[in-house]
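Examining the three-dimensional arrangement
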Amino acid sequence: MSDTVFLPHEILTEILRRLLPKTLLRFTTVCKSWRSLITHPSFISLHHRHSPSFLHLQFSNRFILPHRHHHPSTTLRLPSFPHHDYHVVSFCNGLVCVAYGEQCQSIIVCNPCIRRFVTLPTPLHYPCYYTSNVALGFDSSQCDYKVVRISCMVDDERFGLSAPEVEVFSLATGSWRTLDHDITPVCYVAGDTPPGFHDGLVHWVAKRYVAGGWYNFVLSFHFEGEIFGEVMLPESLARTSWVMIKVIGGGNEKSLTVYAVDGGSPCSCNIWVMKEYGEVESWNKAFSFLMSGFCLEVPSLGMMLTDVEIPPMELCVTCSGEVLLLVDVAGRRCLYSLDIKNKSFTDLQIEIGARFVYSGYYAESLLLLNIASAVVY
């Protein structure tokens, strides 16, 4: 056996923590001591803390790096969805949460890097029609990864007038818990509302029926205390029923970003940024597009795109402050990068044919190494 096996523990740890997870996975077969070191929770945590995060784009069960065209895409086939495209609902550190169906009855947490996954037990099913949203997050106080599922009833008697049903799954315990109704705000969260993250909190756009009209706001959930919060929107967004609003996750999580598309003619697409979290006065309309017919105008840049079929869809804000958007141009779904600060709108030359797209920051890790089975290719 090689002498390197007998290196001092501290030196061996320092060497191994610099290696890629796939390499470390092979090294678990070198000897028992190496396997014990690599699979130990403290080493997995150490390795993850030193792993860089990269922006990933997921569609049609493929993962790509949108700013690194030479990087090959990774295809992942999960056993629960062998013949179907699945929907990624959130990235968290080195883990990916996948949900399927309008009510999110099938949920998987997987680590694409080492091809390990955990299939969650089936959550509750409710007797009336309802839609659900799911998000994955990290509880640093318990050193535990959790999945929260929010189910909103769509029947006439409860629609927007009752608190959602909320369940939390813990990877540490392997079980679901139902949260008490008295800690959940009365509201409705649309089933197709993707989550946005900010400083450890997950956010959705929600609404409730107040004084004969709809009131829009941002609903937050803190994984540590398992508590909800509310963030007010600008008045122009809060008191209207004809605007599509989406919370966008930021790569640096320094500010909360909202993308709003109104139903007017011409149609206005606006990017709002909350500079001071929780301070409604700090909302600022950072950028605007105009849709008139099949033309997308970018007034501040003096640009126009023709043959644009629908308003752009915002995906995320990168660490450098760029905004990734999907734009339908002449029947092609193209990925664009909007740099608000440097005033540029760039076609990244990436065409995406899939209907569902998710983007977020992902760091390769050894998470799930000890508690999951292998993912089918």
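An unreviewed UniProt entry annotates the protein as F-box protein 22 of Vigna unguiculata.

**Considering the packing of aromatic side chains**
Applying the stated criterion across every chain, the model contains 12 aromatic pairs. What links up through ring pairs into an aromatic cluster is the set Phe 287, Phe 289, Tyr 336 and Phe 345. The residue whose ring lies beneath Lys 207 is Trp 214, and the NZ or CZ to ring-centre distance is 4.6 Å.

**Describing the sheet that holds strand β8 (residues 130-139)**
Here we have four strands laid out as an open sheet, ordered β8-β9-β10-β11, and antiparallel in their pairing. In this open sheet, the two strands that pair with only one neighbour each are β8 and β11 (175-178). If you compare each strand with its neighbour and ignore which way they point, the axes differ by 25° on average. Here four bridges tie strand β10 (residues 165-170) to β11, and the two strands are oriented antiparallel to one another. Bridge pairing in β11 places Ser 170 opposite Ser 175.

**Regarding the side chain of Arg 208**
Among the structural elements, Arg 208 can be located in strand β13 (residues 201-210). Side-chain polar atoms of Arg 208 contact the side chain of Glu 230, separated by 2.8 Å. With sequence-adjacent residues up to four places away left out, Arg 208 is seen in contact with Gly 160, Pro 185, Val 186, Cys 187, Gly 213, Trp 214, Tyr 215, Phe 217 and Glu 230.

Rules of the game
Residues numbered from 1 in each chain as written. Predicted model: local features only at pLDDT ≥ 70, side-chain atom pairs only at ≥ 80, totals over all residues. Heavy atoms only, no water. Phe/Tyr/Trp six-rings, centres within 6.5 Å; stacked < 30°, edge-to-face > 60°. Lys NZ or Arg CZ within 6 Å of the ring centre and 35° of its normal. Pairing = 2+ DSSP bridges. Helix = DSSP H or I, 4+ residues; strand = E, 2+ residues; numbered from the N terminus. Axes fitted to C-alpha atoms, helices over the stretch in contact; angles between N-to-C directions. Polar contact = N/O pair within 3.5 Å; in protein donor to acceptor, adjacent residues only side chain to side chain. Contact = heavy atoms within 4.5 Å.

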